[in-house]
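A look at the structure
Below, each chain spelled out in residue letters.
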Amino acid sequence: MQHPAFEEVTIHHHTDDATFKKKVKNTTILLSVITVVELIIGLTIYNIHKGEAPNELLVLMFKGMVCILTLAKAYYIVSVFMHLGDEIRNVIMTIVVPLLLFIWFITAFIWDGNSYKNLRNKYDAHYKETSVTPAKH
Amino acid sequence: MATTATVQQTKWWTGGKSPFNMEYGKLMMWYFLMSDAFTFGAFLISYGSIRFSQNFWPDPSVVFNAFPGAGHANLPLAFVSVMTFILIISSVTMVLAVHAGHNNDKQGVVKWLFWTIVGGAAFLGCQAWEWHHLITGEHAVLVNGQLDIVGQTTRINPWGRLAAQADIATAIQNTPREMLIRLAEMGGHEHAGTAHTNFASLPNAELIKAIDVEGLHIRENGPVAFGGYFFGITGFHGFHVFSGVIINIIMLLMTQKDVFARRGHYLMIEKAGLYWHFVDLVWVFVFLCFYLI
Amino acid sequence: MSETTTVHIADAKHATTHHEEHGHHQQSFISKYIFSMDHKTIGKQFLITGIVWAVIGGLFSVIFRLQLGYPDTTFPILETFFGKWAKGGQIQPEFYYSLVTMHGTILVFFVLTAGLSGTFANILIPLQIGARDMASPFLNMLSYWFFFIAGIVMASSIFVQTGPASSGWTMYPPLSALRQAGDGQKIGTDLWLISMALFIISSLLGGLNYITTILNMRTKGMSMTRLPLPIWAMFFTAVLGVLSFPVLLSGAILLLFDRNLGTSFYLSDIVINGEILPNEGGSAILYQHLFWFLGHPEVYIILLPAMGMVSEILSVNSRKPIFGYMAMLGSLFAIAILAFLVWAHHMFVAGLNPFLGSVFVLLTLLIAVPSAIKVFNWLTTIWRGNIRFTPAALFAIGFVSLFISGGLTGIFLGNSTIDIHLHDTMFVVAHFHIVMGVASMFGMLAGVYHWFPKMYGRYLNNTLGYIHFWVTIVGAYLTFWPMHYQGLAGVPRRYLDKSGWVNFNQFGELDKFITVVSMIVFVAQFIFIINFFYSIYKGRKVRTANPWGANTLEWTTPINPGHGNWEGDIPEVHRWPYDYGKDGREFIPQTEPVGASESKH
C-alpha cells in the first residue's frame, strides 16, 4: 500500500478516533499535572530561599527534581504530540541518538563555567569581595 | 495487503523506499528541528555556563512576580504559568488539527488551526507584556555608591543581593535630589504624609527620612548576563512562536482555498504541526531554565 | 513481475511531473542556468563559485606572504590597488589582519565547505544512489543562492571604508566585539557575522537535502551498505553540518548582541584606549567553546567529502576493491562522533580548565585510531593494484600523503602539554594547512578531474593535469614543511613583521623561500583553471558512457545526462560498488545481477 503522493512511503496506519482522542486527553492532563507540580516546587524553592540560612542541598534536590519532570514533559510532547512514538524504530533512533551529544556538550560547558568562577575568585580579589558574601533575600 | 504482516517483514534499508516510512518533507522537518534544537541548546547551555561562572544569580521567583492588573502584589510564577498553559493548550489544538488533516476533514483543520493561532497570538501578547513590564519596571538599586532606579534591560540588572543597611545609609547621602524625590514617591512612609505628599517641597533631610528603605528592597546590581540571556533566549523563542503563527496562518489560508483538498492530503499541516510542537518543547526548557531553577 | 510494473508506473509518473514542471525541456536561460533546480547545474554553480572564491582567497594569501617574506621591501603596485591599506607599497597592519581573516574565512567556509561538499554532494548523491534529483530541488536551489548572497555580503565588506573584518577567521571576542578596537572591528565584522548567518542557512538547507535524499531516494537494491563511499562521506558531512552549524549561529547571534545591544555575554573587565567599559560578568572563553563546537566538526566537514571521493577514485584507478569497506564506514562514523567531542583542544591555553583539557586530550588522541584505519585501507587498496595514474588518481594519492604528514603533527598538537609550547606558532599553521587545507583541496581537485567527464561530457587535458599536480604537491610541501621548523623554534603566527626579534631573524631567508614557492603554487593553479574552463567548451569529447570503467551508477546515465538523469527507468542495483578485478573480470557494474557461480568478496 503506497502513499498516494509519495512513492517512498510504503505503509501508513490510521488510529481510530476514540483511541486517539483519549490519548491526547490523557497526555494533556499529564502535562498539566507535571507543570503544576513544577510550579509547586518552584514556589517551595522560593520559600526556602526566603528563610534564614537556606539549605542549599535541599534546594539542589528540588532543582534536580524539576529537571527530571521537565524531561518527562519533553518526552510526552515528542512522543505523543509529535507522534514520534508512533513512528518506526529507525526514526526514533536517528532522532534520539544524536541528542546524546548534549550530554558532553552540557557537561563540558558547565564544567568550564564553574572553573571560570573558581579562577576568578582565586585571582581576582576584588571580584570575590564584591560578589561572594552570602546572599540575603 | 495485510498491514501488520508487512511491518514485520519489510526490509527497510534495501532502497526504493523510505527506510523511515516517511515522506522526505517530514523527514527534513524532523532534521531541521534537530538542528534548531542545537541552536536553542547552545543558547541555553551557554546561559548555564555563564550562570555557573557567577557567584550570585537572582532567584527567578523574585524577578517574575508580577501579574497584569495586579499592581505590586507579589505573585511569583503566576503569570508564566498562564503562558505555559496557553502554549500547552495551543499544542493540543494543533494535534487535533493534524489529526483532522489525517482524516481529510477540512472543517476540523480550519477550526483547530484557528484556535492554535489564537493561542500563539495570546502567548506573544503575554510575552510582550512581560518584556514591557521588566524593561519599564522601577527598582531601587545601589550602584556606584548612589541610589538609582532602573528596570531590567540588557545592560543592567536590578536583582542583585539586598544592599547592606550601612551602605544604603551612606549612599542615600550621595544621591541627587531628583532621585531622592522619585524614591520617596515610589515608597514613602505613611506618617510622612499621604501618597499625595508633595515631596519636591521637602528639604533633603526630610526627604531622606520619607524614603521607605525597608519597603523598597534596595538591591545591588545583579549579573548583567541575566537580562541578556533572558531577552535573547525568550526573544529567539518568541521569534519562533511568531514565525509559527505566520506558518499556521498560511496553512489556514491554504486549507480554506482547498489547496490540500485538491492535493489529496494534509501533510503540510503535519509539518507545520511538528514545528509548532517544537516551539512548545523549547518553551518547556526555557521555562525550566529561567523560571524554575 | 507485478513489482517491476509498479516501479515502471511510478517512474513514468515521476518523469511526467518533470515534464510538466519544466515545460518540455524548453527552459529559458534563467531557469536552466541561473535559478536552476537541477542538482547537476547547482553542483556546477557551487564549483565555479568556489573556484572564484579560491582565487580571491589564494590571492590574499599571496599578498600577506609578500609582507612576511619581504617585510622591508615596498611594492608600489600594492598601493595602486589598495590605496591607504598599503601606504607606500607596504601592507598596513590593519590590512594584514584583514587579509588573514578573509583568507581563512573564504577558504574554510566558501571554498572547502560550500565549494567542496556543495559541489560533490549535489553532483554525486542523486547520480550515485540512483535518484532523479534531490529530495527537494527547490530548497537545493535556495541553498546555492543563500551561499551566493553570503558571498556578496562578505565581498561587500572588502569595499567598505573601514575594511573587512580583521579579528581572525575565528572572530574571537573581546577583540571582535568592540568597535573601538580598530577599523576591522567596525562594520566589517557585522557584515562578516551576517554573511556567516546566511552561509549557515545555506549549509542547513543543503545538508537537510543531502541527508533526506540519501535516506529516502535510493533506488531499488541500493541498500546502505551498497552505497559508494563518497555518499557515506557526504552523509556524515551533512549530519555534522546540520548539528554543529546552528551552534555557531548561536555564538554569532550572541556576538552580534554584544556588539550592538550592549549585552555582556563575552565581555568583562575591559579597558580600551583608556576607557573603562561597563560590561561585567561575560566570558570570552564561552565564545571559543561555541565557536569550536562548530569549528572542530567543520574540520571534518571539510575533510570527509575528500576522504570519500579519494576512496572511490583510488579503488577505481587501482582496479581493486576498496580494502575494508565496512572498516571505512566504521571509521567515518567514529570520526563523525569524535568530531563533536573534542572541540576544546583548540583552547588548551586559552584559560580552559586544565583537568577538563586532559579529558579533551584523551578524546582527541582517539581520533588517531579511525584516521589510521583509513590511511591503512587506502594504502592497502592501492597495494599491488594495477594503478592507472590519471591526474585524479595522482591527486588522490597526494591526498593520502598529505593526510599522513599533516595528521602526524596533529598528535603533537593534541597533547595539551606540548601545545603549551606549540600553540599559536607556525607549527599550527603548517599542521592545519597540510591536513585540512591542502589535503581537502587535493581531494576536491581529484574529484574534479575524475568527474569532469560526467559534469561536462568532455575530458580535462591530461598533460596540464600532470603539470598541475606535480607543481602543486611539491609546492605545497615546500611551503608548509619549513613552517614546522619555524613553529618549533617558537615563531608566532599572525605576526606581520618578525624582524624585530633576534631569535626569529634567522628565519628571514626561509620566509622569503616560502613566499616565492607559495606564489609559484598560486600561479600553477591557473593551469588548472584555464584547463577547466577551456575543456568545458573545447575539451576532448567523451565517447563512451563509462570512461573510467567504474561500477557506480553515475556511469550508467547518458554521457550528458538530462533533467532526471536516466532516460527510462532508474536501474536497479544488485551488488556493492567495488567489484573490481573479480572472477577474472576487470569490473562489474552495480547494476549487474549477482551470478550463480560468482565468488563471494
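All figures in this text were calculated on a predicted structure; none of them were measured in a lab.

Description of the domain arrangement of chain B
Residues and elements named next belong to chain B. With domains assigned, chain B is organised as domain 1 (24-136 + 225-292) and domain 2 (139-220). Measuring from the centre of the C-alpha atoms in domain 1 to the corresponding centre in domain 2 gives 38 Å. Our count for the contact surface shared by domain 1 and domain 2 stands at zero salt bridges. If you look at where domain 1 meets domain 2, you find one residue pair in polar contact (both at pLDDT 80 or more). Broken down by secondary-structure element, the contributors of at least two residues to the side of domain 1 that touches domain 2 are helix 3 (60-63), helix 5 (106-136) and helix 10 (225-256). Looking at the side of domain 1 that touches domain 2, its residues break down into eight nonpolar, two polar and no charged.

Observations concerning helix 16 (residues 462-488) of chain C
Residue and element names in this part refer to chain C. Taking 1.5 Å of rise per residue, the 27 residues of helix 16 would be expected to cover 39 Å, and the 39 Å separating its terminal C-alpha atoms lies within 8% of that figure. N-capping of helix 16 is provided by asparagine 461, with a side-chain oxygen placed 2.9 Å from the backbone N of threonine 463. One or two residues past the end of helix 16 sits glycine 490, with phi positive at roughly 95°.

Points about the side chain of Lys117(A)
Within the fold, Lys117(A) resides in helix 4 (residues 101-123). Buried and without a salt bridge, Lys117(A) has Glu56(A) as its closest oppositely charged side chain, separated by 10 Å.

Here's the deal with the sheet that holds strand 2 (residues 146-150) of chain B
All names here are of chain B. Ordered in space as 2-1-3, the three strands form an open sheet in which the pairing is mixed. Strands at the two margins of the open sheet, each flanked by one partner only, are strand 2 and strand 3 (219-220). By the bridge criterion, two bridges tie strand 1 (residues 139-143) to strand 3 in an arrangement that is parallel. Counterpart to leucine 142 in the pairing with strand 3 is glutamate 220. Contacts from helix 6 (residues 165-174) reach strand 1, strand 2 and strand 3 within the one sheet, and its direction differs from that of strand 2 by about 85°. Sheet strands touched by helix 7 (residues 177-186): strand 1 and strand 2. Its angle to strand 2, the strand with the most contacts, is close to 60°.

As for the interface of chain A and chain C
Across the contact, 16 residues belong to chain A and 29 residues belong to chain C. Both faces combined, the contact of chain A with chain C buries some 1,900 Å², and carbon together with sulfur accounts for 67% of it. Sorting the residues of chain A by area buried against chain C places Leu101(A), Trp104(A) and Phe109(A) first, and these three jointly supply 32% of that buried surface. Connecting chain A to chain C are two salt bridges. The shortest N-O distance in the salt bridge between Asp269(C) and Arg120(A) comes to 2.7 Å. Run the count over chain A and chain C and you get eight residue pairs in polar contact (both at pLDDT 80 or more). A total of eleven residues in the side of chain A that touches chain C trace back to one element, the largest contributor, which is helix 4 of chain A. Looking at the side of chain A that touches chain C, its residues break down into eleven nonpolar, one polar and four charged.

Cut-offs used in this document
Residues numbered from 1 in each chain as written. Chains lettered and ligands numbered in written order. Predicted model: local features only at pLDDT ≥ 70, side-chain atom pairs only at ≥ 80, totals over all residues. Heavy atoms only, no water. Domains from an automatic or database assignment. Salt bridge = Lys/Arg side-chain N within 4 Å of Asp/Glu carboxyl O. Polar contact = N/O pair within 3.5 Å; in protein donor to acceptor, adjacent residues only side chain to side chain. Helix = DSSP H or I, 4+ residues; strand = E, 2+ residues; numbered from the N terminus. Nonpolar A, V, L, I, M, F, W, Y, C, P; charged D, E, K, R; others polar. Expected span 1.5 Å × (residues − 1). Buried < 20%, exposed > 50% of the residue type's maximum accessible area, 1.4 Å probe, protein only. Lys, Arg positive; Asp, Glu negative; His and termini not counted. Pairing = 2+ DSSP bridges. Contact = heavy atoms within 4.5 Å. Axes fitted to C-alpha atoms, helices over the stretch in contact; angles between N-to-C directions. Buried area = accessible area lost by both parts, 1.4 Å probe.

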